[in-house]
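In case you want the letters, here they are:
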Amino acid sequence: MTFSFPLTEKRNVVELLKHLAQHKLSYPGNCVVTVKPHVAHVQSMNSFALGTARTAW
């Protein structure tokens, strides 16, 4: 499953990785993060954790 996370000055890649860790998702452990200029795409087999992280983002 893949979700997109919008990125801003305050919500950058570092903050995203911290946020994912709070939901038990870690790069390069159990998810893949692809960063584009204003969005990060996160892919993981753990759809529940990923969905919860996206909702809370």
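Going by the structure above, here's the rest.
All of these numbers come straight from a predicted model, not from anything done at the bench. (Residues numbered from 1 in each chain as written. Predicted model: local features only at pLDDT ≥ 70, side-chain atom pairs only at ≥ 80, totals over all residues. Heavy atoms only, no water.)

A look at helix α2 (residues 47–56)
Stage number 1. Taken together, the buried positions of α2 are Ala49, Leu50, Gly51 and Ala53.
Stage number 2. Residues of α2 that are buried make contact with β1 (2–6), α1 (13–22) and β3 (39–44). (Buried < 20%, exposed > 50% of the residue type's maximum accessible area, 1.4 Å probe, protein only. Helix = DSSP H or I, 4+ residues; strand = E, 2+ residues; numbered from the N terminus. Contact = heavy atoms within 4.5 Å.)

Section: the pairing of strand β2 (residues 31–35)
Stage number 1. Looking at chain direction, β2 and β3 are connected through five bridges and run antiparallel. Paired with Val35 across the two strands is Ala40, which belongs to β3.
Stage number 2. The hairpin formed by β2 and β3 contains three residues between the paired strands. (Pairing = 2+ DSSP bridges.)

What to know about the packing of aromatic side chains
Stage number 1. In the structure shown here, the tally under the stated rule is one aromatic pair.
Stage number 2. On the numbers, 6.1 Å between centres and 75° between planes, the contact of Phe5 with Trp57 is edge-to-face. Taken as a pair, Phe5 in strand β1 and Trp57 in the segment after α2 lie far apart in primary sequence, 52 residues in all. With respect to burial, Phe5 and Trp57 carry one shared label: buried.
Stage number 3. The ring of Trp57 has Arg11 lying over it, and the distance from NZ or CZ to the ring centre is 4.6 Å.
Stage number 4. Of note, Arg54 hangs over the ring of Phe5, and the distance from its end group to the ring centre comes to 5.8 Å. (Phe/Tyr/Trp six-rings, centres within 6.5 Å; stacked < 30°, edge-to-face > 60°. Lys NZ or Arg CZ within 6 Å of the ring centre and 35° of its normal.)

Functional significance is not addressed by these values, which are geometric in nature.
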